[in-house]
Amino acid sequence: MADTGAAADRLHELLNRAVRESVLLEAALERETRSLSTHDVDALQQAVNAKHQAVQGLEEVSREQAALLHSGGFAADTPGMEACLRAWDLEGRIRPLWERLQDSMERCRRHNQINGGLVQTQQHQVQQALHILRGEDTRTELYDPRGRTVASSAPRSISQA
């Protein structure tokens, strides 16, 4: 890109948008955590929709940012961004946005891991309940010759449990 100043201004604008989207994603993930914890299906659906919109916004900004970096001769990755910042951020106004974005995305990653753990725990609880309702012994599982888990004792109906 011929005009480094214009490119730096565009990068600043894109990172501002990315930070806004990442903050929206954080908020959606926090709402998702609360709704998973309270089993509020309506709130969960709203959080998932908000999360989807924020992710779409981040993907759009990311595509634009990658194109801008490539036009400046930089790779669209962290080392490329670091090189770009050294070349274009002469006033030091872009790096703080980049750092805010990285911090926000790290918080999003942690929230997403927590939510994944909550979903996995709830899925395990549902599986346990289904095993009980089917009269399957949930205490010990063995593997069959194909590597699938099987109950260790004969199934019992719920009335026998």
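Before reading further, recall that the structure is shown in the block above.
Residues numbered from 1 in each chain as written. Predicted model: local features only at pLDDT ≥ 70, side-chain atom pairs only at ≥ 80, totals over all residues. Heavy atoms only, no water.

1. Section: the overall build of the protein chain
For the protein chain, the helix and strand inventory stands at 4 helices and 2 strands. Ordered by position in the sequence, the α and β elements of the protein chain form the string α-α-α-α-β-β. Of all 161 residues assigned to the protein chain, the portion counted as buried reaches 29%. Within the protein chain, contacts between residues separated by at least 24 positions form 57% of all contacts whose residues are at least 6 apart in sequence. (Helix = DSSP H or I, 4+ residues; strand = E, 2+ residues; numbered from the N terminus. Buried < 20%, exposed > 50% of the residue type's maximum accessible area, 1.4 Å probe, protein only. Contact = heavy atoms within 4.5 Å.)

2. A short note on the pattern of salt bridges
One pass over the full model with this rule turns up 11 salt bridges. Between Arg17 and Glu60 there is a salt bridge, with its nearest N and O atoms 3.2 Å apart. On the criterion of sequence distance, the pair formed by Arg17 in helix α1 (residues 4-38) and Glu60 in helix α2 (residues 41-71) is long-range, its members being 43 residues apart. The class of Glu60 is partly exposed, set by a relative accessible area of 38%. (Salt bridge = Lys/Arg side-chain N within 4 Å of Asp/Glu carboxyl O.)

3. Brief notes about helix α3 (residues 78-88)
All buried positions along α3 are accounted for by Gly80, Met81, Cys84, Leu85 and Trp88. Down the axis of α3, the sector holding all buried residues measures 135 degrees, keeping them to one side. Seen from the buried face of α3, the exposed residues on the opposite side, beyond 90 degrees, are Pro79 and Arg86. Looking at the buried residues of α3, the elements they touch are α1, α2 and α4 (95-133). Where α3 begins, the side chain of Asp77 points an oxygen toward the backbone nitrogen of Gly80, at a separation of 2.8 Å. (Arc of directions from axis to C-beta. Polar contact = N/O pair within 3.5 Å; in protein donor to acceptor, adjacent residues only side chain to side chain.)

4. A few points about the side chain of Thr33
The topology assignment puts Thr33 in helix α1. For Thr33, a relative accessible area of 19% translates into the label buried. Those residues in contact with Thr33, other than ones at most four positions away along the chain, are His111, Ile114, Asn115 and Leu118.

5. Remarks on the layout of surface pockets
By volume, the largest pocket amounts to about 310 Å³. Taken together, 18 residues line the largest pocket, and the ones lying closest to its centre are Leu58, Ser62, Gln65, Trp98 and Leu101. Contributing elements (two or more residues each) for the lining of the largest pocket: α1, α2, α3 and α4. Each residue belonging to the lining of the largest pocket can be placed in one class, and the counts come to 12 nonpolar, 4 polar and 2 charged. (1 Å grid on protein atoms, 1.4 Å probe; cavity = no way out; pocket = protein on both sides within 12 Å on 5 of 7 lines; lining within 4 Å. Points joined across faces, edges and corners; volume = space filled by probe spheres on them. Nonpolar A, V, L, I, M, F, W, Y, C, P; charged D, E, K, R; others polar.)

Scope: geometric values only; no functional claims are made or implied.
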